[in-house]
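So you can see what is in the structure, the chains are spelled out below.
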Amino acid sequence: MKQASIVDQSIWDQGYQDYTLAPSQNLRENAFLEQFLPCRKGTAIEIGCFPGRYMPLVGSKGYTLSGIDLTPRLSELPPWLESLGCQVDEFYNEDFCTWQTDKQYDAVISCGFIEHFTNWHDLFIKHCSLVAPSGILLMMFPNFYGVIQKYLHRWLDAQNLALHWQEAMQIDQYKDICASQGFDILFSGYWGGFDFWLGNNVCLSGGKLFFFKMICRLCRRTANIPSRKWYAPYCGIVAKRI
C-alpha cells in the first residue's frame, strides 16, 4: 500500500520537536476511551501513536502496549510509559501504509490518524485486520465534516483544515466496512457535545479573535449537550470482531 498522506511527515516532526510527553487532559476524549475500551489483560496497539497521550489510560485498563509511528521520537515512548507503570511490548518506527505483520491485538486504537489520508478505505481495512477474535477496534477523529465545524475551521483555522481529508470524516462509511469485515458495531456516531479548537501556530486578530474567545466561553458549557452531526467536535466508531 502506497503512502497517501496529505500531511508531510516533517510537519508532525516539527510540531513535536519541543513536545513534553504527558497523559491526555482532554476530558471528552478520555471519557470516550473510558466508556468503550473494556478492562482486560490483553494486548493493544495504537496506530499513529506518538505523542502517546492516550496510552497511559489504555495501559491502566490492563493492556500491554504497542504502537507504530514514523516520528524519530518514538523511542521515547516505551521508557516513559514504563515509568507510569504500564506494560510495553513492541513499538515500530515504520510507515503504517507499508508495515506488514501477522500479529493481532485485543484492542486496536486509532485517534486522529486516518483523516490525514486519501486512501482511508484501505487503511481502515488494515486496522480491521489487526484485531484478534473478540477484540475491539476503537477509532476516533475530529468531525470537520459537520457543517458548523467545517465553516468555523474554514474561517478561523483554514491551514489546519487543509491537513484533514474531509471525505474520511464520514462515519457511516466505516460502519459498512466493519460489517463486511466481520464486526459487530458497539458505537458509531458523534460525541463531545460542542467544542472548538485551533491548530498550531494560528494567530487571530480583530473580529476573528473576539469571535474565537466567545466560542471558547461557550465551549465551557457545552460538553454535555446532545451531540449532533452538524456541530459535534468528534466522531468515532467502536466495533468488536465476532
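Our subject is the structure listed above.
Residues numbered from 1 in each chain as written. Predicted model: local features only at pLDDT ≥ 70, side-chain atom pairs only at ≥ 80, totals over all residues. Heavy atoms only, no water.

A. Spotlight on the overall build of the protein chain. On a plain count of helices and strands, the protein chain comes out with 9 helices and 7 strands. Compactness check: the protein chain gives a C-alpha radius of gyration of 18 Å against a globular reference of 18 Å for 242 residues, within 12% of the reference. In terms of its C-alpha atoms, the protein chain occupies a principal-axis envelope of roughly 55 × 40 × 35 Å. Going through the 242 residues of the protein chain one by one, you find that 51% of them count as buried. (Helix = DSSP H or I, 4+ residues; strand = E, 2+ residues; numbered from the N terminus. Rg over C-alpha atoms; globule rule 2.2 N^0.38 Å. Buried < 20%, exposed > 50% of the residue type's maximum accessible area, 1.4 Å probe, protein only.)

B. Structural view of the packing of helix α6 (residues 147-156) against helix α9 (residues 206-219). Contact pair α6 / α9: the axes reach a minimum separation of 11 Å and the direction vectors enclose 145°. Along this stretch, α6 crosses α9, giving a crossing that reads as left-handed. Contacts between α6 and α9 involve Leu152, Trp155 and Leu156 on the former and, on the latter, Lys208, Phe211 and Ile215. Its residues assigned to classes, the contact of α6 with α9 shows 5 nonpolar, no polar and 1 charged. (Axes fitted to C-alpha atoms, helices over the stretch in contact; angles between N-to-C directions. Left-handed = near helix turned anticlockwise from the far one by under 90°. Contact = heavy atoms within 4.5 Å. Nonpolar A, V, L, I, M, F, W, Y, C, P; charged D, E, K, R; others polar.)

C. Structural context of the sheet that holds strand β1 (residues 42-47). Strand order in this open sheet of 7 strands is β3-β2-β1-β4-β5-β7-β6, and the pairing throughout is mixed. The outermost strands of the open sheet, each flanked by one partner alone, are β3 (87-92) and β6 (183-191). Going from strand to strand, the sheet's axes swing by 15° on average, the running direction of each strand aside. Sheet strands touched by helix α5 (residues 120-129): β1, β4 (105-111), β5 (131-142), β6 and β7 (234-241). Its angle to β5, the strand with the most contacts, is close to 140°. Across the face of the sheet, helix α8 (residues 172-180) comes into contact with β5, β6 and β7 while running at roughly 170° to β6. (Pairing = 2+ DSSP bridges.)

D. Highlighting the nonpolar core. Grouped together as the largest cluster of nonpolar side chains are 35 residues, with contacts concentrated most on Ile114, Phe124 and Tyr174. Apart from the residues within four sequence positions on either side, Tyr174 is in contact with Ile114, Trp120, Phe124, Met139, Phe141, Ala168 and Ile237. Counting residues in each nonpolar core, the second largest holds 30 residues, with Phe50, Met55, Leu77 and Trp191 among its members. (Core = buried A, V, L, I, M, F, W, Y, C linked by side-chain atoms within 4.5 Å.)

E. Structural view of the packing of aromatic side chains. Applying the stated criterion across every chain, the model contains 21 aromatic pairs. Note on Tyr16 and Tyr19: the rings are 6.0 Å apart at their centroids and 80° apart in plane angle, and the pair reads as edge-to-face. With a relative accessible area of 24%, Tyr19 lands in the partly exposed category. For the pair Phe96 and Trp99, a centre-to-centre distance of 6.1 Å together with 40° between the ring planes defines the contact as tilted. A relative accessible area of 4% means that Trp99 is categorised as buried. (Phe/Tyr/Trp six-rings, centres within 6.5 Å; stacked < 30°, edge-to-face > 60°.)

F. Summary view of helix α2 (residues 27-36). The complete set of buried residues in α2 reads Arg28, Glu29, Asn30, Phe32, Leu33 and Phe36. The inward-facing, buried residues of α2 abut α3 (55-60), β5, β6, α9 and β7. The N-cap of α2, judged by a side-chain oxygen 3.0 Å from the amide nitrogen of Arg28 a few residues on, is Asn26. (Polar contact = N/O pair within 3.5 Å; in protein donor to acceptor, adjacent residues only side chain to side chain.)

G. Region of interest: the pairing of β3. As judged from the 4 bridges shared by strand β2 (residues 63-68) and β3, these two strands associate in the parallel manner. Within the sheet, the bridge partner assigned to Thr64 lies in β3 and is Gln87. Handedness of the β-α-β unit built from β2, helix α4 (residues 77-83) and β3 comes out right-handed. (Right-handed = clockwise from strand over helix to strand, strands pointing away.)

H. Fine view of a nonpolar patch on the surface. Together, Val147, Ile148 and Trp230 make up a nonpolar patch on the protein surface, roughly 300 Å² of accessible area in all. Looking at where Ile148 falls in the secondary structure, it is placed in helix α6. Classification of Ile148 as partly exposed rests on a relative accessible area of 31%. (Patch = residues over 30% accessible without salt bridge, like charges linked within 9 Å, V, L, I, M, F, W, Y side chains within 5 Å. Areas by Shrake-Rupley, 256 points an atom, 1.4 Å probe, with all protein chains shown as cover. Salt bridge = Lys/Arg side-chain N within 4 Å of Asp/Glu carboxyl O.)

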